[in-house]
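This is what each chain is made of:
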Amino acid sequence: MTAHRKSSGETAANFARRHIGPSARDVTAMLETVGAKSVDALMAETLPSSIRQAAPLDLGKPLSETEAIAHMAELARQNQVFTSLIGQGYSGTILPAVIQRNILENPAWYTAYTPYQPEISQGRLEALFNFQTMICDLTGLDVANASLLDEATAAAEAMALAERHSKVEAKAFFVDKDVHPQTLAVMRTRAEPLGWTLVVGDPLTDLDKADVLGALLQYPGTSGALRDLRPAIAALKAKGALAIVAADLLALTLIASPGELGADIAVGSAQRFGVPMGYGGPHAAYMAVRDALKRSLPGRIVGLSVDSRGAPAYRLALQTREQHIRREKATSNICTAQVLLAVIAAMYATYHGPEGLTQIARTVHRRTAVLAAGLRKLGFAPDSDTFFDTLSVDAGAKRTEIVARAAAEKINLGVGDASLRIALDETTTPATVEAVWRAFGGTLAYAELDATTREALPDDLKRTTTFLTHPVFHAHRSETEMLRYMRKLSDRDLALDRAMIPLGSCTMKLNATTEMMSLTWPEFGNLHPFAPREQAAGYHALFARLEKWLCDITGYDAISLQPNSGAQGEYAGLLAIRAYHAARGESHRKICLIPSSAHGTNPASAAMVGMDVVVVACEKNGDVDVNDLRAKAEQHSNDLAAVMITYPSTHGVFEEHIKEICDIVHGHGGQVYLDGANLNAQVGLSRPGDYGADVSHLNLHKTFCIPHGGGGPGMGPIGVKAHLAPFLPGHPATQADAPVGPVSAAPFGSASILTISYIYILMMGGEGLKRATEIAILNANYIAARLDAHFPVLYKNEKGRVAHECIVDPRPLKTTSGVTVDDIAKRLIDYGFHAPTMSFPVPGTLMIEPTESESKAELDRFCDAMIAIRKEIAEVEAGRFKIEASPLRHAPHTVHDIADDDWKRAYARSEGCFPDGVSRTDKYWCPVGRVDNVYGDRNLVCSCPPVSDYAEAAE
Ligand SMILES: *Cc1c(COP(=O)(O)O)cnc(C)c1O
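Residues numbered from 1 in each chain as written. Predicted model: local features only at pLDDT ≥ 70, side-chain atom pairs only at ≥ 80, totals over all residues. Heavy atoms only, no water.

> Explain the environment of Val-653 to me, and be specific about the residues and the numbers.
Relative to the helices and strands, Val-653 resides in the loop between strand 17 (640-646) and helix 25 (658-667). Assessed through its relative accessible area of 3%, Val-653 is described here as buried. Here the alpha-carbon distance between Val-653 and Pro-430, two residues 223 residues apart in the chain, equals 62 Å. Dropping the residues within four chain positions of it, Val-653 is found in contact with Asp-623, Pro-648, Tyr-795, Lys-796, Asn-797 and Ala-803. (Helix = DSSP H or I, 4+ residues; strand = E, 2+ residues; numbered from the N terminus. Buried < 20%, exposed > 50% of the residue type's maximum accessible area, 1.4 Å probe, protein only. Contact = heavy atoms within 4.5 Å.)

> How would you explain the packing of helix 29 (residues 821-830) against helix 30 (residues 856-877) if you had to name every residue and give the values?
Their axes nearest at 10 Å, the elements helix 29 and helix 30 cross at an angle of 125°. As summarised for this structure, helix 29 and helix 30 are arranged oblique, according to the angle between their axes. You can see that helix 29 and helix 30 cross each other, and the crossing is right-handed. Facing helix 29, whose interface residues are Ile-824, Arg-827 and Leu-828, helix 30 presents Phe-862, Ala-865, Met-866, Ile-869, Glu-872 and Ile-873. For the contact of helix 29 with helix 30, the residue count by class is 7 nonpolar, no polar and 2 charged. (Axes fitted to C-alpha atoms, helices over the stretch in contact; angles between N-to-C directions. Parallel < 35°, antiparallel > 145°, perpendicular 65-115°, else oblique. Left-handed = near helix turned anticlockwise from the far one by under 90°. Nonpolar A, V, L, I, M, F, W, Y, C, P; charged D, E, K, R; others polar.)

> Mind laying out the site of the ligand, listing which residues take part and the relevant values?
Taken together, the neighbourhood of the ligand is formed by 15 residues, with Ser-505, Gly-566, Asp-675, His-701 and Lys-702 sitting nearest. Between the ligand and the protein, one listed contact pairs an oxygen atom with a side-chain N or O atom of His-701 at 2.7 Å. Of the residues forming the shell around the ligand, the biggest block, 3 residues, is contributed by helix 22 (residues 566-583). The class makeup of the residues in the shell around the ligand is 3 nonpolar, 9 polar and 3 charged. (Near = heavy atom within 4 Å. Polar contact = N/O pair within 3.5 Å; in protein donor to acceptor, adjacent residues only side chain to side chain.)

> Quick one: what's the story with the pattern of salt bridges, residue by residue and with numbers?
One pass over the full model with this rule turns up 50 salt bridges. In this structure, Arg-272 engages Asp-248 in a salt bridge whose closest nitrogen and oxygen atoms are separated by 2.7 Å. Remark: Asp-248 occurs in the loop between strand 6 (242-247) and helix 12 (258-261) and Arg-272 occurs in the loop between strand 7 (265-269) and strand 8 (285-289); sequence separation between them is 24 residues. The class of Arg-272 is buried, set by a relative accessible area of 6%. Where Glu-409 meets Arg-438, a salt bridge forms, and the shortest distance between an N and an O atom there is 2.8 Å. Within this pair, whereas Glu-409 is found in the loop between helix 15 (399-408) and strand 12 (411-415), its partner Arg-438 is found in helix 16 (residues 430-439), the two being separated by 29 residues in sequence. Exposure remark for Glu-409: the relative accessible area of 30% places this residue in the partly exposed category. Each of Arg-309, Asp-897, Asp-900 and Arg-905 takes part in one network of salt bridges that share partners. (Salt bridge = Lys/Arg side-chain N within 4 Å of Asp/Glu carboxyl O.)

> Report on the UniProt feature "domain: Glycine dehydrogenase C-terminal" (unreviewed entry) in the protein chain, specifying residues and quantitative values.
This chain's UniProt record puts "domain: Glycine dehydrogenase C-terminal" (unreviewed entry) on residues 772-893. Regarding residues 772-893, the helix share stands at 48% and the strand share at 7%, and the terminal C-alpha atoms are separated by 36 Å. (UniProt positions renumbered as here; feature names shortened; annotations may be inferred.)

> Which residues make up the sheet that holds strand 6, and what values go with them?
Pairing within the open sheet is mixed, and its 7 strands lie in the order 2-8-7-6-5-3-4. Two strands in the sheet have a free side with no partner beyond their single neighbour: strand 2 (143-144) and strand 4 (197-201). Sheet analysis places strand 5 (residues 214-219) next to strand 6, joined by 6 bridges and oriented parallel. When the sheet's bridge partners are listed, Leu-217 is paired in strand 6 with Val-245. On the sheet, helix 9 (residues 151-165) packs against strand 3 (172-176), strand 4, strand 5, strand 6, strand 7 and strand 8 and is oriented at approximately 25° with respect to strand 8. (Pairing = 2+ DSSP bridges.)

> Give me the pairing of strand 10 (residues 312-316): which residues, what numbers.
For strand 10, the tally of buried residues reaches 4 of 5 residues, placing the bulk of the element in the interior. Across 5 bridges, strand 9 (residues 302-306) lies against strand 10 in antiparallel orientation. Looking across to strand 10, one finds that Val-302 is bridged to Leu-316. As consecutive antiparallel partners, strand 9 and strand 10 are separated by 5 residues, and within that stretch Gly-310 has a phi angle of approximately 80°, a positive value.

> I'd love a proper account of the side chain of His-283, names of residues and values included.
Its location among the elements puts His-283 in the loop between strand 7 and strand 8. In terms of polar contacts, His-283 uses its side chain to reach the backbone carbonyl oxygen of Pro-276, at 3.2 Å. In this structure His-283 touches Tyr-90, Leu-148, Leu-149, Ser-269, Gln-271, Val-275, Pro-276, Met-277, Gln-338 and Leu-341, once residues within four positions along its chain are discounted.

> If you had to explain helix 10 (residues 181-191) to someone new, which residues and values would you point to?
Where burial is concerned, most of helix 10 is hidden: 9 out of the 11 residues are buried. When we look at burial in helix 10, the residues that qualify are Gln-182, Thr-183, Leu-184, Ala-185, Val-186, Met-187, Thr-189, Arg-190 and Ala-191. In this fold, the buried residues of helix 10 make contact with helix 9, strand 3, strand 4, strand 5, helix 22 and helix 23 (601-608).

> Let's hear about the UniProt feature "domain: Glycine cleavage system P-protein N-terminal" (unreviewed entry) in the protein chain: which residues, and what values?
The sites that UniProt annotates as "domain: Glycine cleavage system P-protein N-terminal" (unreviewed entry) are residues 17-440 and 443-730. When the span residues 17-440 is considered, its composition is 40% helix and 14% strand, and the gap between its end C-alpha atoms is 57 Å. Helix and strand shares over residues 443-730 are 34% and 11% respectively, and the end C-alpha atoms of the span are 41 Å apart.

> Mind laying out helix 16, listing which residues take part and the relevant values?
For helix 16, the set of buried residues is Thr-432, Val-433, Ala-435, Val-436, Trp-437 and Ala-439. Buried residues in helix 16 make contact with strand 1 (83-85), helix 14 (339-377), helix 15, strand 12, strand 13 (420-423) and helix 17 (446-452). The positive-phi residue at the C-terminal boundary of helix 16 is Gly-441, with phi of around 95°.

> How would you sum up the nonpolar core? Please name residues and give values.
Within the largest apolar cluster, 286 residues are counted, with the highest numbers of intra-cluster contacts made by Met-134, Tyr-219 and Met-347. With 22 residues, the top contributor of residues to this core is helix 14. Excluding its chain neighbours within four sequence positions, the residues that come into contact with Met-347 are Ile-99, Ile-103, Trp-109, Ala-127, Met-482, Tyr-485, Met-486 and Leu-489. Judged by nonpolar contacts, the second largest core, of 28 residues, contains Tyr-571, Ala-576, Val-609 and Met-644. (Core = buried A, V, L, I, M, F, W, Y, C linked by side-chain atoms within 4.5 Å.)

> An account of the pairing of strand 12 is requested, with residue identities and associated values reported.
Among the 5 residues of strand 12, 4 are classified as buried, and the element is accordingly described as predominantly covered. Of the strand pairs in this sheet, strand 12 and strand 13 are connected by 2 bridges, and their pairing is antiparallel. Within strand 13, the position partnered with Val-415 by the bridge is Leu-420. Count of turn residues in the strand 12/strand 13 antiparallel hairpin: 4 residues.

Shown next, in the form of structure tokens:
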């Protein structure tokens, strides 16, 4: 111990000590409980020696928190923030400071988990419900989801939805030539493996003759042109094809909604509602559909249900559509939303209200109209007479000169194939407009032109319908009201700022404050993803170093930072494997072996790249059945594309056979996709690239500290061995001729949050990271040791060890007491905890992952709660009351219970509300009782009811 303290005192001192929960003394005590001589000895008993990495991680000297901030300031200085008039789906925006500080910079919001446990998530569920209401209102459609990753992937998802519902047989899809180029590129990536063709054309002239199952139309177009899409939509309808409209939310406050135009689906980005551009993200995309399509809608949907007392309560609706249940038949592989960003966008609309949003839109439009008038005067008539906020101008031979003069004014213009694009936004001032005129060679006065300019929205496209009529969008105009509304909602939720969130497979570790600081600096926040590269030198220095570190950590040769989630990383990795086989003339290799224990995203991703899933059995002890794998690999030898395997396994164990599994698959010409979600058990100890894997995604929001944000954002970069490096995703903005197209709208995905993982590694250093892994494994083994006698630990390796998580098995207790895994999960809320992962990967069990950040005190508090719950189950077993009458089934208890004047239960109110050891002073009260899931799916309500319903209810 002394030796370790000395070395860490010198190198990893400052930050690693803060990041890692247990103290040196705690570690000694915990080792005793688990019966291991030392941390090293425990590692030797946990990981197979054959996969241990030879050399220690050398990532350079770790920086202290103070040094790290100074370093980030230096990188920030290398980014140059120009005024962006590039447009193309990304706009400058003003994030109200009250929202920035109290949501984006507030751990109560950003450290929350995906709201699978609705009782402790009512705050963010309400905020997401507001988001859905806002999207439904603005698009004029019936059901919206709680956000998707970005506009381009939302468009690709919409195309897939259309394919499932279209009456047209042809596997061809029409794309408006005025769509954002990155959207078209992502759709091409998506269509190709499924054998769908894309027809690009002008929807006003080319649709009639096209035999297509659906079409994507941009509204207004990427060029800025505002066209009446009604004839195009009518033409699609006449064929039985589906009409998808990609629409700008701010424009929709002034122009007729996609629903009114007849669209079936609307998609787009909510970025300009207060979310910084962040050199690509994260931002919330949206998707809304007509009622008839709602059961095929991908992503999360928040619905309204009732709780145990019949009071309204929010929850995630229609989860049976998702990959966890439907696997390769799921509507998509998307597991996360962009919750934090959707919440910000909804709060932006709540703060401004419909009249505020309309005013912002009017001002932006007015400035654009004045800009157009000036440009006409200077001899540069815009391509379209009708527009909202964007103009395209054919500058002819003057083009280069104009772009250079704009750059001298610190303005970036959009540089298209033939024309220049100028996109205005909420931050545009008259001075900006005058600067653009100067770039075009004229000195004009804004005020003069303003007086004589008319707006340029066509009369027959003007919006006539109301939106955001619900009271929530009218009650929070003062900053005081807004502040209190956000505080009220966050107080309803349980996030990492209150208690441990022991979710298996999700690695809910510390999201340190220092890691979060730089992403809201303007030098990182206000860069457009397609800004000239030399203006983003700080970002690129960060990317290069982060890629190198991730290669060192994983043993891979190249990294793509593009995928925006783990599931999107899986998709990108499988595309690389597919392209690799094709390049070797083996495109018939389409079989993907996936163990039955795999995460649902694995089969869903395989289906997206056109692979056929063959399920491999697992043995009783949870390991992959190597004999079954060998037999299936042999059977499909000629067509074997890949195996997808999670390591350590989803059962929380380092299987001994991993090398052998890789060898078998390679022996039959297949590639090894190693799902890297569990990398937190490996960093510094073993490297997938060394023991046989070809490609992995790395969930930066698990192992590398990006907060979960209540269900997103995240980042899922992939690492590959050299032979797959040519097949990493390309992007029209950076590498147009890549053999594999982009999987995300932005070339570096959600670039701004890469700062978080970067700072984490910077401050931990190689030794600190290794120590974190060791303590994560120690913490899990400590929990396993303390709980095993009460809830048996389902899977261990031959030496009785678990990896960084463990599955406990209450199933036998169902027979003896009737208790369900739900009862235990909900009773944990009464003890102030978020439940562990329920029923994955084994139905009826709980998967617990403590992470290295939880102290021994918090682990003990959790174990004590679990043991107390076991005692309550014993009371049911002993006949004190039936399970239906027990505090377990009535959990979680709320203020309605403690204030119940008519209490007739078989146990005392205090026993229900303040079980063993729960502080009366610091009690977390969830706002609703147990939520009824079935009711909510039968009576689907996914947006705020119209005000008339409230009036009726009040009568
Ligand atoms: C979390 C997880 C994924 C998916 O990652 P997302 O970022 O949520 O899309 C895939 N596999 C495993 C084992 C995971 O735990």
